[in-house]
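The primary structure of each chain is shown beneath.
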Amino acid sequence: MTILAIDTSHHILSVALRRNGSTLGELTTFVKQHHSVRAMPAIEQLMTSCGIDPSELTKIVVAEGPGSYTGLRIGGTIAKTMAWSLQIPLVGISSLAALAGQAHLWEGLVLPFFDARRGTVFTGLYRRNESTLTSVEGDRHVNLAEWIPSLRDVDEHILIISDAIATHREVFEQHMSGDLIRFAPVDVAIPRASVLAQLGENVVGVSAHAYVPQYRRLPEAEVNWLRTQKEH
């Protein structure tokens, strides 16, 4: 099995190739340039460097969200187009699950999150047990200060992983016991498509037409429209 994994859900772009349980290569860039400009060249560069022809791919794995609307649409479009043209299955993996999966040396609860501005985050709660990762609380878009109190009854350590820890650290420390929370180093929170590929390796894929991104919140324009409807 040869997998191409694509993560454009974040401001960081990451693509990876995995074959028969091993990572062949990974390309991750931090350049602040639109994913639509650099995603396909990055995929082409990676495949050329690894000596992989598109015809050898047997599965596409893509970060399905939550995350950037534009980023998710770009990644989804590339993944669907490649999966359709090659007639191979497409697997969507939660961006938060992929982030939680990067806590390789941690056993127990993991709380990944992405900053969503205005005090809100995309988050969920996962459990790592040896090589398995399971969802405890589903992915959601929430006000962090309102959601954290619901975790007060959790009587075990929780690893918090995000590239936005500095922005929200005070909120965690105000609402959760300092004895039970641990903050992962920021470099662990860099999205890695190799982890995405690993999580999607044994997941049954769908057809390109059946894939749908998981935004987890309404677009701001739709929120504003609904607000105006209520006011009338």
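That block above? That's the structure.
How each quantity is defined
- Residues numbered from 1 in each chain as written.
- Predicted model: local features only at pLDDT ≥ 70, side-chain atom pairs only at ≥ 80, totals over all residues.
- Heavy atoms only, no water.
- Salt bridge = Lys/Arg side-chain N within 4 Å of Asp/Glu carboxyl O.
- Helix = DSSP H or I, 4+ residues; strand = E, 2+ residues; numbered from the N terminus.
- Buried < 20%, exposed > 50% of the residue type's maximum accessible area, 1.4 Å probe, protein only.
- Pairing = 2+ DSSP bridges.
- Axes fitted to C-alpha atoms, helices over the stretch in contact; angles between N-to-C directions.
- Contact = heavy atoms within 4.5 Å.

Draft legend 1. The arrangement of the pattern of salt bridges in detail. What the rule picks out here adds up to 6 salt bridges. Arginine 127 serves as the salt-bridge partner of glutamate 156, at 2.9 Å between the closest nitrogen and oxygen. One end of the pair, glutamate 156, is in the loop between helix H4 (144-147) and strand E9 (158-161); the other, arginine 127, is in strand E7 (residues 120-129), with 29 residues separating them in the sequence. A residue is classified by how much of its surface remains accessible, and glutamate 156, at 29% relative accessible area, is partly exposed.

Draft legend 2. Up close: the sheet that holds strand E3 (residues 22-29). Reading across from one edge, E3-E2-E1-E4-E5 is the order of the 5 strands in this open sheet, with mixed pairing throughout. Edge strands, defined here as strands with exactly one partner in the open sheet, are E3 and strand E5 (90-94). Sheet twist, expressed as the average angle between the axes of neighbouring strands with direction ignored, equals 20 degrees. The pairing of strand E2 (residues 13-19) with E3 spans 7 bridges and is classified as antiparallel. Across the sheet, residue alanine 16 finds its bridge partner in E3, namely glutamate 26. Packed onto the sheet, helix H2 (residues 69-86) meets strand E1 (2-7), strand E4 (59-65) and E5 and runs at close to 160 degrees relative to E4.

Draft legend 3. Broad picture of the pairing of E9. Alternating positions in E9 separate into two faces, Ile158 and Ile160 on one and Leu159 and Ile161 on the other, with burial throughout. Note: strand E6 (residues 108-115) against E9, 4 bridges, orientation parallel. Of the residues in E9, the one forming a bridge with leucine 109 is isoleucine 158.

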